[in-house]
Amino acid sequence: MTGETDLGRLLATMRPVLRPGRFVFTTVPGDTPLPAGVEPVMSFRETEGLTLILAEEAAAAASLRGIYPCRMITLEVHSSLEAVGFLAAITNHLAQAGMGVNPVSAFHHDHLFIAAARAEEAMHLLADLSERHRAEQA
C-alpha cells in the first residue's frame, strides 16, 4: 500500500478521530534507557536527546516532566508519505482559527497533537474542511 497522493481526495476522505486520553511531550538524554513501563506513541532522536510523546499519566508515573498537555487526533485516511500539501492545508486551516498543532506523520496515517482545551474545536474545524472538499469532489 502506497497511500493516497491526491490532495483534494485526501481532504475529502479524511476522517479525524479524537483518541482517548491526554498526552505530553518530554525528553530524555539520548543514552538513557526508557523507564520501565514507558511506551511512547512517538519517539524521535535529536542531537539534544530523545523526544517522547506519551500518555500524561505514564509520564507522571515515570517521573518524567511532560509539557504541552494535548489530545491526539488521527486522520484516518492512508496518506502517502509523498503526498504534497496535505498537512500544510490542515495546519493552515487550524492556524486561521488561531490554533497551534504538532503534526506527526507515520506509515499509515497522520496524527495531530492539539492543546487539550481546543481538541473538540479542532475536530469541528477538520470535519468542516473535509465536508467542504467532499462537496467540491461531487
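This report concerns the structure included in the present document. (Residues numbered from 1 in each chain as written. Predicted model: local features only at pLDDT ≥ 70, side-chain atom pairs only at ≥ 80, totals over all residues. Heavy atoms only, no water.)

### Some thoughts on the overall build of the protein chain
Note the following rule: Secondary structure counts use DSSP, requiring at least four H or I residues in a row for a helix and at least two E residues in a row for a strand, with both numbered from the N terminus. Only protein chains enter the accessibility calculation, which uses a 1.4 Å probe. A residue is then buried if its area is under 20% of the maximum for its type, exposed if over 50%, and partly exposed in between. Contacts were defined at the residue level, with two residues in contact if any of their heavy atoms lie within 4.5 Å.
Along the protein chain, the regular secondary structure elements total four helices and seven strands. Reading the protein chain from its N terminus to its C terminus gives the helix and strand order α-β-β-β-β-α-β-α-β-β-α. On the principal axes, the C-alpha backbone points of the protein chain span a range of 50 × 30 × 20 Å. Every one of the 138 residues in the protein chain was classed for burial, and the buried ones make up 38%. In the protein chain, the share of contacts with a sequence separation of at least 24, taken over all contacts with a separation of at least 6, comes to 75%.

### Considering helix α3 (residues 86–96)
Rules: Comment: arc refers to directions from the helix axis out to C-beta atoms.
Every buried residue of α3 is listed here: F86, I90, H93 and L94. Seen from one end, α3 has its buried residues packed into an arc of 95°, which puts them on one side. Where α3 is buried, its residues meet α1 (7–13), β5 (67–75), β7 (110–115) and α4 (119–137). G98 sits one or two residues past α3 and shows a positive phi near 75°.

### With respect to the pairing of strand β2 (residues 23–28)
The criterion, for reference: Whether two strands pair depends on DSSP finding at least two bridges between them.
Judged by how many residues are buried, β2 sits mostly within the fold: five of six residues are covered. The pairing of β2 with strand β4 (residues 49–55) spans six bridges and is classified as antiparallel. Looking across to β4, one finds that T26 is bridged to L52. As defined by bridge partners, β2 adjoins β5 across two bridges and the pair is classed as antiparallel. Paired with F25 across the two strands is I67, which belongs to β5.

### Here's the deal with the packing of aromatic side chains
Rules: Stacked, edge-to-face and tilted labels apply to pairs of Phe, Tyr and Trp rings (six-membered ring for Trp) whose centres lie within 6.5 Å, assigned for plane angles under 30 degrees, over 60, and everything in between, in that order.
All chains considered together, the criterion is met by three aromatic pairs. Centroid distance F23 to F113: 6.1 Å. Interplanar angle 80°. Geometry classified as edge-to-face. Highlighted residues: F23 in strand β2 and F113 in strand β7, separated in sequence by 90 residues. Judged by relative accessible area, which is 2%, F113 ranks as buried. A ring pair is formed by F25 and F113, whose centres lie 5.9 Å apart and whose planes are at 85°; its orientation type is edge-to-face.

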